[in-house]
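# Per-entry structural report
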Amino acid sequence: MTGGMAPSIEIESIGGSLAGDVQARSGTSPMSCFQCAKCSSGCPVAARADIKPHELVRMVQMDQREAVLSSRFIWECTSCQTCATRCPQNVSVAGMNDALRAMSRAAAAPAPSTVPAFTEVFLDAVRNRGRVSELALMIRYKLRTGRFFEDADKAPVMLKKGKLPLFGTQVGGKSERKALFARAAKGGAK
Amino acid sequence: MSYTFFPGCSLEGSAKDFHSSTMAVAAKLGLGLPELKDWICCGSTAAHASDPLLADALPAKSLSAAGGATVAVACAACYSRLKTANHHIASDAALRAKVAEVVGRDYDGRTPVLHMLEILCRDVGLDRIAAAVSRPLSGLKVACYYGCLLARPPEITNFDDAENPTLMDKLMEAAGAEPVDWPYKTECCGASASITDSSIVLDLGNKILAMAQTAGADCIVTACPLCQLNLDLRQKDMEARFGRTYNLPVFYFTQLLGLAMGCPADKLSLASLVVEPQALLQAKGIGAEA
């Protein structure tokens, strides 16, 4: 070693606004990724994805906001947590995808997926009834998306097998829950 | 230790058989599992993919009402959400304060949450399980399928080895069955993509079934309502799309354990399984108490 130490670089402090936004929302640091691609090796949907997990992280580092927010992959992620479990740099692509989904919806980017519709009807059910009745959820999802014939053969089988009760249970406290949802949307009380 | 049971929404619907078989096994073991009063949905993927604060607040509301009991969970997805919220709230004071504002009461993130596999293997113990087995599942080769959310991420669930969990294998051994050694224990089945893009589930489920078959399994054993439903309800579609024949029944671990313990057939809801297990069970000389 000669001379002084090179000045250290705080990797979290470099990168563009997209990396910063993702980090603020998800708590995971995209700038820490050194592209080993271990995430893509273990990802169950990488083979079909338009952008593979390690490529997504690189694009976030490179501030490719539009390409990232309009990708199919952020919606195809199954949140299996394999990437987060195996990453040597503690980057969670699954966590990034949660943040990117919310950012995509906030930016009103056209989602190449019915996941946002499913998310909405699901959370509506939790707000209104406290619990989700799968039959009511499926009916509302189909009304919302117009996908009436997809899986039309599944409901009769489930009904026959007793796996689709006609009436779900619910819990009281609807107005309290509505207030809880409203406070969460605002980031806390006040 | 006293427990309070958090069923979750699936156990009131598509996984009613998981619910009833869990209760049947608990009754055989003298394990009290009173239901947590007024529990609400854990929020599932819908909450964590749209609003991280809501995703922590919904579990906090239920967990803060547990009154000192350990919360027992059967659904792997509920388990994951409850443990994740606990981890976040207990390790971040600022977040804890925010969650308190949203929920309307403070919660410290320290209500213990355990999956039924952990309770049966560790709290009840394999010796007591083995002692309660009256009709061992001799000769039944089972592929223990854990799915994603029990073992991952390990720093949050602290369940078992993240890459090679063995709790279910040990339980099945205690029940007299023969767990096969196979590499897809923790592969993903596609989960709720079943609703939004079923082609994902057909691809992933087919790989899991093919590997279980290659490993010589007679059936699959699951601990998650979505894993069970995807591999069972869609098995015929997978066979048709990929030109394979599986005919692999997909049980909940509580159903097989209940059979081994001589629980009554109606309580185990074997009739709810789409891939019918009767021929396999008969061939192995395994039958439920009428």
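Residues numbered from 1 in each chain as written. Chains lettered and ligands numbered in written order. Predicted model: local features only at pLDDT ≥ 70, side-chain atom pairs only at ≥ 80, totals over all residues. Heavy atoms only, no water.

## Observations concerning the domain arrangement of chain A
Examined at the domain level, chain A breaks down into domain 1 (15-106) and domain 2 (115-185). Look at where the C-alpha atoms of domain 1 of chain A and domain 2 of chain A centre, and you get two points 29 Å apart. (Domains from an automatic or database assignment.)

## Digging into the packing of aromatic side chains
In this structure the tally under the stated criterion is eight aromatic pairs over all chains. Aromatic pair Tyr79 of chain B and Phe159 of chain B: ring centres 6.3 Å apart, planes at 70 degrees, arrangement edge-to-face. Taken as a pair, Tyr79 of chain B in helix 4 (residues 76-91) and Phe159 of chain B in the loop between helix 7 (154-157) and helix 8 (167-174) lie far apart in primary sequence, 80 residues in all. Under the relative-accessibility criterion, Tyr79 of chain B is labelled buried at 0%. The class of Phe159 of chain B is buried, set by a relative accessible area of 1%. Through pairs of rings, three or more aromatic residues link up here, namely Phe118, Phe122 and Tyr141 of chain A. Across the ring face of Trp39 of chain B, the terminal group of Arg131 of chain A is positioned such that the distance to the ring centre comes to 3.7 Å. (Phe/Tyr/Trp six-rings, centres within 6.5 Å; stacked < 30°, edge-to-face > 60°. Helix = DSSP H or I, 4+ residues; strand = E, 2+ residues; numbered from the N terminus. Buried < 20%, exposed > 50% of the residue type's maximum accessible area, 1.4 Å probe, protein only. Lys NZ or Arg CZ within 6 Å of the ring centre and 35° of its normal.)

## Digging into the domain arrangement of chain B
Residue and element names in this part refer to chain B. In terms of domains, chain B is made up of domain 1 (3-115) and domain 2 (135-283). Averaged C-alpha coordinates put domain 1 and domain 2 at centres separated by 24 Å. Contact with domain 1, which involves 23 residues of that partner, is made by 24 residues of domain 2. Summing both sides of the interface, domain 1 and domain 2 together bury roughly 2,000 Å²; the carbon and sulfur share of this comes to 72%. The interface formed by domain 1 and domain 2 includes zero salt bridges. On the surface where domain 1 and domain 2 come into contact, there are six residue pairs in polar contact (both at pLDDT 80 or more). Among the secondary structure elements, those contributing two or more residues to the side of domain 1 that touches domain 2 are helix 1 (16-29) and helix 4. With nine residues, the top contributor of residues to the side of domain 1 that touches domain 2 is helix 1. Along the lines of polarity and charge, the residues of the side of domain 1 that touches domain 2 split into eleven nonpolar, nine polar and three charged. (Contact = heavy atoms within 4.5 Å. Buried area = accessible area lost by both parts, 1.4 Å probe. Salt bridge = Lys/Arg side-chain N within 4 Å of Asp/Glu carboxyl O. Polar contact = N/O pair within 3.5 Å; in protein donor to acceptor, adjacent residues only side chain to side chain. Nonpolar A, V, L, I, M, F, W, Y, C, P; charged D, E, K, R; others polar.)

## Some details on the packing of helix 6 (residues 116-132) of chain B against helix 13 (residues 253-260) of chain B
Residue and element names in this part refer to chain B. Look at helix 6 against helix 13: their axes get within 13 Å of each other, and the N-to-C directions meet at 20 degrees. The angle between helix 6 and helix 13 places the two elements in the roughly parallel class. Viewed along their axes, helix 6 and helix 13 form a crossing whose handedness is left-handed. Residues Met116, Leu117, Leu120, Ile129 and Ala132 of helix 6 lie in contact with helix 13, whose contacting residues are Phe253, Leu257 and Ala260. (Axes fitted to C-alpha atoms, helices over the stretch in contact; angles between N-to-C directions. Parallel < 35°, antiparallel > 145°, perpendicular 65-115°, else oblique. Left-handed = near helix turned anticlockwise from the far one by under 90°.)

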